[in-house]
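Each chain, letter by letter, is given below.
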Amino acid sequence: MLCRVADSLFWMSRYIERAENTARVVDVNIQLLLERYHSDAQMIGNHWGRILDGFGERAVFESIYDEITTPNVAEYLTFSRENPSSILSCIFAARENARMIRDQISSEMWEIINRLYLFLKGQDAERVLRAGVSEFFTQIKEFAHLFRGVTDATFPRQLGYEFIRAGCYLERAYKTVDILDSKHYLLEEDSEAGEGMALEVVEWVSVLRSCAGAEAYHRVYVSDVSRLNVLAVLVQSRAFPHSILFSLSQLQLALHSISGCPLSQFSNEAERLCGRAISQVLYTSASEIVEEGFHDYLQGIKAAAEKIAIELSNRYMFFPIVDPVEDPEGAEEDAPGQLQVQGGTA
């Protein structure tokens, strides 16, 4: 397989996953704030500020907008071309990667990405906020689910499929870490009985919903939502598709399928780092994570994911990242590398 094909398959999948996760986070948190009738400007600013911090987007956001408000954050995370990780930027970049390897993917995969691209080109933040954001983000998530389903149904289970799987699960682990890290302050505060405890439960429920895990949680834990149980599901579950452990395990399978190396060994640095990250997640209990420092623990996993992405790129792809362009349709037909800046080193 050509390096440019592997690169485009990996990033096409990763961008789709990033767009879906961002859509879910924005949708859940807008609904959460609407349900809080006593919300004031300061509380709203603090709420979105933590999410921007968790995503590493506050500095860029503050260089564009004067204040942190729901419309501004929704526009930045959804439609801003100045944000390379916005939903719009991700889908444009995914389509450009798909266009460069159109002969390598199924026609059904291309049609789904192109439909999503055309759907987003016809939207704008003000009209979406007026019409109802939930329906809009639901469509984004459904397009992403449809793309993965079509990929599973039409794409051959060969080397290219493993790069698609690697991109999806690396990004999923990364975003689950970001979502959890945006709420790490909850583990540093002892909520008192009454309103404080109720608000904490609401926050943890929003975390579960942001990771599509509310129903999965209640299938395992019938009792009320608690912080340690949430961590057990979102960090260490072997069965929940959005948990960090599950995502890293699927990433490991993809990496070893690419290299042909047995799981009991490793043949490159990406495989070694992935195996070590899985061990750290697997053999640390939820209570130990809280006691040792949740934020630092998550940052360690995030750093490992960044290193895995770098090593994977250096070994199999190694294309330079191209600066963002104003119109993806005007990109050079044979331009190597990625259209967007990939959110830092990852």
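Presented here is an overview of the structure given in this document. It should be emphasised that the depicted structure is a prediction, and the values quoted were computed from it without experimental measurement.

Description of the environment of A153
And then number 1: Examined against the element boundaries, A153 turns out to sit in helix α8 (residues 133-154).
And then number 2: Through-space distance from the C-alpha of A153 to that of S106 is 9.9 Å; in sequence the pair is 47 residues apart.

Describing the packing of helix α1 (residues 3-35) against α8
And then number 1: Closest axis-to-axis distance for the α1/α8 pair is 9 Å, and the angle between their directions is 155°. When the axis of α1 is compared with that of α8, the two are roughly antiparallel. Considering how the two elements wind past one another, α1 and α8 form a crossing that is left-handed. Residues M12, I16, E17, A19, E20, A23, R24, V26, D27, I30 and Q31 of α1 touch α8, and the partners they reach there are V133, S134, F137, I140, K141, A144, H145, F147 and R148.
And then number 2: Residues of the contact of α1 with α8, tallied by class, amount to eleven nonpolar, three polar and six charged.

Quick look at the environment of L170
And then number 1: Assignment of secondary structure puts L170 in helix α9 (residues 159-181).
And then number 2: L170 gets classed as buried once you look at its relative accessible area, which sits at 0%.
And then number 3: Sequence separation between L170 and L251 is 81 residues, and the spatial gap between their C-alpha atoms is 6.2 Å.
And then number 4: Beyond its immediate sequence surroundings of up to four residues, L170 is in contact with F10, R14, L251, A305, I308 and A309.

Quick notes on the packing of aromatic side chains
And then number 1: The final tally for this structure, using the stated rule, is 13 aromatic pairs.
And then number 2: Between the aromatic rings of Y65 and Y76, the centroid separation amounts to 6.3 Å while the plane-to-plane angle is 90°, which identifies the pairing as edge-to-face. Linking Y65 in the loop between α3 (58-64) and α4 (70-78) with Y76 in helix α4, this pair joins segments that are eleven residues apart in sequence. Grouping residues by exposure puts Y65 and Y76 together as buried.
And then number 3: Their ring planes at 75° and their centres at 5.2 Å tell us that F136 and F137 sit as a pair that is edge-to-face. Per residue, the accessibility class of F136 equals that of F137, and both read buried.

Thresholds applied
Within each chain, residue numbers correspond to sequence positions counted from 1 in written order. Local features are withheld for residues below a pLDDT of 70 in this predicted model, meaning they are given only at 70 or higher, and side-chain atom pairs are given and counted only at 80 or more; totals for whole chains, interfaces and linings count all residues. Only hydrogens and water are set aside when side-chain values are computed; all heavy atoms of the structure are taken into account. By definition, any uninterrupted DSSP run of H or I lasting at least four residues is a helix, any uninterrupted run of E lasting at least two residues is a strand, and each is numbered from the N terminus. All axes here are fitted lines through C-alpha atoms, helices being fitted over the stretch that makes contact, and every angle between N-to-C directions spans 0 to 180 degrees. Here the angle decides the label: under 35 degrees means roughly parallel, over 145 means roughly antiparallel, 65 to 115 means roughly perpendicular, and every other value means oblique. What makes a crossing left-handed is the near helix being turned counterclockwise from the far one by less than a right angle; a clockwise turn instead makes it right-handed. Contact between two residues is taken to exist if any of their heavy atoms lie within 4.5 Å; hydrogens are not considered. Under the scheme applied here, ten amino acids are nonpolar (Ala, Val, Leu, Ile, Met, Phe, Trp, Tyr, Cys and Pro), four are charged (Asp, Glu, Lys and Arg), and all others, including Gly, are polar. Residue exposure (1.4 Å probe, protein chains only): buried if accessible area is under 20% of the type maximum, exposed if over 50%, otherwise partly exposed. Centre distance within 6.5 Å is the pairing criterion for rings of Phe, Tyr and Trp, where only the six-membered ring of Trp is used; planes under 30 degrees apart are then read as stacked, over 60 as edge-to-face, and the remainder as tilted.

On their own, these measurements won't tell you what the molecule is for.
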